[in-house]
Amino acid sequence: MLNNFFQKYARTYSTAKSVQKGKYTKTILLPQTKFPLRLDKNKVVERDKRINNLSAFKDLYTWQRKNCKGPEFVLHDGPPYANGTPHMGHCINKILKDTVLRSKIIQGTKVHYRPGWDCHGLPIEMKAVASNLQKLTPLEIRSSARNFAKNTIAIQRDAFQSWGVVADWANPYLTFEKGYVKNQSEKFVELYEKGLVFREVKPVYWSPSSMTALAEAELEYNSQHSSTEVILRLKLATCPFYRDKEGIYALIWTTTPWTLPCNQAICFNPGLSYSIVKVGDKPEALIVASNLIKDVSKILNAELKVLSSFPGEALQGATYYHPFNREVLPFLPSDHATDTKGTGLVHTAPAHGHDDFLVALDHKLFTSSLVDENGCYTSSVGAKLAGLFVLTEGTKVVLDILKEDILHAGNYIHSYPYDWRTKQPIIIRASKQWFIDTNQIKHKAIEVLEQVQGLPKFNNEMCKTMLTTQILKRPYWCISRQRSWGVPIPVFYDARSDEPIINRNFAVSAECMVLLALRYLATGCFLSVAGDFIGIDKSTASRLTTKVCRAIASQHRIFIKMPTTEEEMRERIGDAGYAIKPYLITPLRNPITRTENLFNESQIRTRNPIERCFGVMKRRFPILSFGIRQRAEKVEAIVIATAVLHNIARNFNDALPDINEEEQEAIAAAEINFEVENVPYYNNGLNNAYISESDFTSGVYTKRS
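Just so you know, the residues in each chain are numbered from 1, in the order the chain's sequence is written. Local features in a predicted model are, by the rule used here, given only for residues with pLDDT of at least 70; side-chain atom pairs are given and counted only at 80 or more, and totals for whole chains, interfaces and linings are based on all residues. Excluding hydrogens and water, the side-chain values take into account all heavy atoms of the structure.

1. Things to note about the packing of helix α15 (residues 538-553) against helix α20 (residues 632-651)
So, point 1. With axes taken as lines fitted to C-alpha atoms, and helix axes fitted only over the stretch in contact, angles between N-to-C directions fall between 0 and 180 degrees. Secondary structure elements are defined from DSSP: runs of H or I of at least 4 residues count as helices, runs of E of at least 2 residues count as strands, and each element is numbered from the N terminus. In contact at an axis separation of 8 Å, α15 and α20 are set at 50° when each is read in the N-to-C sense. Here α20 runs oblique to α15, going by the angle between their axes. As for the relative orientation of α15 and α20, their crossing is left-handed in sense. In this structure, α15 uses Ser 542, Thr 546, Cys 549, Arg 550, Ile 552 and Ala 553 to contact α20, whose residues at the interface are Glu 633, Lys 634, Ala 637, Ile 638, Ile 640, Ala 641, Val 644 and Leu 645.
So, point 2. All amino acids are sorted into three groups, where Ala, Val, Leu, Ile, Met, Phe, Trp, Tyr, Cys and Pro are nonpolar, Asp, Glu, Lys and Arg are charged, and the leftover types, Gly among them, are polar. Of the residues belonging to the contact of α15 with α20, the class tally is 9 nonpolar, 2 polar and 3 charged. An angle counts as roughly parallel when it lies under 35 degrees, as roughly antiparallel when it exceeds 145, as roughly perpendicular when it falls between 65 and 115, and as oblique in every other case. Left-handed is the label given to a crossing in which the near helix is rotated counterclockwise from the far helix by less than a right angle, and right-handed is the label when the rotation is clockwise. Residue contacts are counted whenever heavy atoms from the two residues lie within 4.5 Å of one another.

See below:
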C-alpha cells in the first residue's frame, strides 16, 4: 500500500509549485540553538579572545606552579624553526603536548614546560636574505636574519597562546640569545678537550645550491633522479699476468662521471672472479667481473668473448693510466667492489665518496677536492673544465674529453639525495669540516638507550632497535656549516699553517702553565702573585693551576702505591679530632688505665711516619703549610698532585730543602713525648718516604692545615 501511495503522489511533490514552505517544519524535532552556522573572520577573532580571557588560559601555568603539589612533570620541547607562520603541523604538535600537560595538571601534578625557538640555520637565513644573498655582507645577513627570526617568534607565540597552550610564555629560550650561544661554545670546547671533536678533510654531503655541508638528516631522496651513467675503459700500465702487445683495459661503470678527473685508484675485490674479454673482433682486451659479463654485454649491445678467467687477488700490483693526466695509479683491494652491479671494478675518487675515502685512509692516498663550494671545477683540473658546474656542463665536457674510451653513456634513473631546503641535488665533496667522533660515545649511548621507556609501549622495542641501528652505523657526525647565520665555531686558525687553535687560554703556552702551577705549589703564594710572572689575573691563574694539578693528579696510579690487601684498604689512622670507627683508629680522649695509655702510645707511634711524611711534604710544597684557599674539589687535585710530584722527585733523588731550627725542636719534642696529641712530627731522616694512596684517605688531612 505504501509503495502505491508513493508512486501515486511522488510527482505531485516533485515540483516547486507544489512545495509549501514550512508545512512540515513543526513536525521535525531538532535541537534549537542561537549559534550561527558560521562566523566571519573578525567575529572569530573576537570569540577566541573572549574564550581566552574568560578561561584565564594565560594564568594557568603560573597558577599550577603555585598550587599543584604533586611530583613535577617536565616536558622538554623540541623547538620549532622561527622561519614562517604557524601551520597545521605546529597545531598538531602543540595541542597534543598541551593535552598531556593539562591531564597532568588535572591530576594535581606540577608541570614544567619552557617553550623555545630554533633561531639559527639555513632555513631562516634563506628567507631573511631572499635573493640578496650575494650582495650582503655577513654582518648584514646576521642582522637581517635576527630581525626575521624575532618577528617570526612574535607571530608564532601569539598564535600558540591564542590556542590556549599552557607554557611559560614569559620566559622562552631562544637559541640566538647570548647566554645560549655562550653555553654552546663552552660545550664545544669541552668536547674538544675530551677528544670528541676533531677537524678533518673528509667527504661530506655538500649542497651547491646552499653552499654548505649538510648532515644526513638534512637530505631527502628523489627516486626519479636521472644521472649520466658511463662504462669507461682505462688502460693498464702494468699487468702481472697479461703481456699482449695490444694492451689490456679495466672496464669501470660510474653514475658520477664528473668525478673522473679526481680518480686516484681502481678498486677490485680479491674474493671475486674476473675475466678477460673482447668485444667482437676488436683487438683490445677488457677486464670485467665474471658474474657481470652478461649484464655488461646487454648494456653494450655486443657479444663479449671470454679469453680467460682469474681470481681477483691476481690484480694486486697492477697499475693503470689516469684518464686525464696519464699518471700511473694503483689497483687496490676493497670489499665495496661487488659483482651485483656495474663491472666489478670501481672507479675511486677519495674526495667524492665515503667508501673511496676509507680506501684512501687504508692506503695513505692524498685526498684533495677539485670542486669548489659552488659545485664547480677549480682551475687545478685544467682550463677546459675550470668554472663548470659538475652536474651539468662539467659532465658534458668530461664525456667529450673521454669519448674515445667511453663504451656506453646513458641515463640512469635511481634514488638520489637532494637538499631538503632548496630541492636541488647535492654532491659528495671533501672539505675541512668539524666532526663529533660518535665512535667513542655510541656504545655508551646504546647502554643508556636500553634504560629508556618509549611510548606507546607496544612499539617501544622496535623504535629502540631502529635507533640503535642508526647509531651503530654512523662513525662521525659533521657539525660545521658554511653559513653566516649560526653559532660560530669558537676556533682560531694559525695564519701560516691553517691549524686550529682551540684553548681556553691559547695565549699561555703549556710550558708557562706548568711553571705557574709549580710556582704556586713551591711557594704557597697567592694566585694573583703566582700569575704575575706571565701577566695573568687571579681567575686565570686559578683555572690554569687547577688544570695542571688535575693533569698531574691523573697519574696517581703510576706514581702512588695502591693498597693491595684487604687490611690496607680497611685500616685508617687518624688523630684525636675524630671518633674511633671500625675503619678508623684514633687515640682515646681520656685514657685512664695502663692498657688505654699503651693503646694511645702505639697509635701515635704508628701515626708517626705519616706525620713525618706530612712534614716532608710541607717542606717541599709550602702551599700545604700555608693553607689552600680554594674549593674542596680543587684542593683534592692539588694535594694529590703534590704527592705525585713528591714521588717523582724521590725517583730522581731530588734533595729536600734544609730543615730550620724550629722544625728541629719540633722533631725533638715529638721523639721525647709520644703521648702529646696534635704535635707535628718532622724527621729529616724520612727523605726516602713514598706517599701511598691509603695516606690520602686518613682523617689527618682534614685536621691539619
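2. Section: helix α9 (residues 354-362)
So, point 1. Think of it in three bands: with a 1.4 Å probe and only protein chains considered, a residue is buried below 20% of the maximum accessible area for its type, exposed above 50%, and partly exposed in between. Of the residues making up α9, those classed as buried are Asp 356, Phe 357, Val 359 and Ala 360. Mapping the buried residues of α9 onto a view down its axis gives an arc of 160°, with all of them on the same face.
So, point 2. Looking at the buried residues of α9, the elements they touch are β5 (197-207), β9 (265-268), β14 (328-333) and β15 (346-348).
So, point 3. Positioned one or two residues after α9, Lys 364 has a phi angle of 55°, which is positive. Read the arc as the range of directions from the helix axis to the C-beta atoms.

3. With respect to the sheet that holds strand β18 (residues 477-478)
So, point 1. Paired strands, in this sense, are two strands between which DSSP finds at least two bridges. Ordered by their spatial adjacency, 4 strands build an open sheet running β6-β5-β17-β18, and the pairing between neighbours is antiparallel. In the strand order of this sheet, the two ends are held by β6 (212-214) and β18, each with one partner.
So, point 2. Judged from the 3 bridges that link them, β5 and β6 form a sheet pairing that is antiparallel. Opposite Ser 207, over in β6, you have Thr 212 as the bridge partner.

4. Here we look at the side chain of Thr 642
So, point 1. By the element assignment, Thr 642 lies in helix α20.
So, point 2. Judged by relative accessible area, which is 0%, Thr 642 ranks as buried.
So, point 3. Once residues within four sequence positions are removed from consideration, Thr 642 is found in contact with Leu 521, Met 617, Phe 621 and Leu 624.

5. With respect to the packing of aromatic side chains
So, point 1. Aromatic rings from Phe, Tyr and Trp, taking only the six-membered ring of Trp, are treated as a pair when their centres fall within 6.5 Å; an angle between ring planes under 30 degrees marks them as stacked, one over 60 as edge-to-face, and anything in between as tilted. A complete count under the given rule lists 15 aromatic pairs for this structure.
So, point 2. Seen from their ring centres, Phe 160 and Trp 163 are 5.4 Å apart, and the 50° between their planes marks the pair as tilted.
So, point 3. Owing to a relative accessible area of 1%, Phe 160 belongs among the buried residues under this scheme.
So, point 4. With a centroid separation of 5.7 Å and an interplanar angle of 85°, the aromatic rings of Tyr 320 and Phe 331 are classed as edge-to-face.

6. Examining the nonpolar core
So, point 1. If you look at the biggest cluster of nonpolar residues, it comprises 47 residues, and the most contacted ones within it are Tyr 274, Phe 331 and Leu 345.
So, point 2. In terms of residue count, the dominant contributor to this core is strand β7 (residues 219-238) (4 residues).
So, point 3. In this view, Leu 345 contacts Ala 250, Leu 251, Ile 252, Trp 253, Ile 266, Cys 267, Phe 268, Tyr 274, Ile 287, Leu 315 and Phe 331; residues no more than four positions away in its chain are not counted. We define a nonpolar core as any set of buried Ala, Val, Leu, Ile, Met, Phe, Trp, Tyr and Cys residues linked to one another through side-chain atoms lying within 4.5 Å.

7. Some remarks on the pairing of β7
So, point 1. Where β7 and strand β16 (residues 406-419) come together, 12 bridges link them in antiparallel fashion. In the sheet register, His 225 faces β16, and the bridge partner there is His 414.
So, point 2. Where β7 and strand β8 (residues 248-254) come together, 6 bridges link them in antiparallel fashion. Bridge pairing in β8 places Lys 235 opposite Tyr 249.
So, point 3. The pairing of β7 with strand β13 (residues 319-321) spans 2 bridges and is classified as antiparallel. Within β13, the residue paired with Thr 238 across the bridge is Thr 319.

8. Things to note about the environment of Val 635
So, point 1. Tracing the chain through its elements places Val 635 in helix α20.
So, point 2. Once the C-alpha coordinates of Val 635 and Leu 624 are considered, the two residues, 11 residues apart in sequence, prove to be 9.9 Å apart.

9. A few points about unusual backbone geometry
So, point 1. That bond from Leu 455 to Pro 456 is cis: its omega, -5°, falls within 30 degrees of zero.
So, point 2. Looking at the secondary structure, you find Pro 456 in the loop between α11 (442-449) and α12 (460-472).
So, point 3. Unusually for a residue other than glycine, Arg 326 sits at a positive phi of about 65°.
So, point 4. Here Arg 326 is to be found in the loop between β13 and β14.
So, point 5. One non-glycine residue with positive phi stands out, namely Lys 423, at about 65°.

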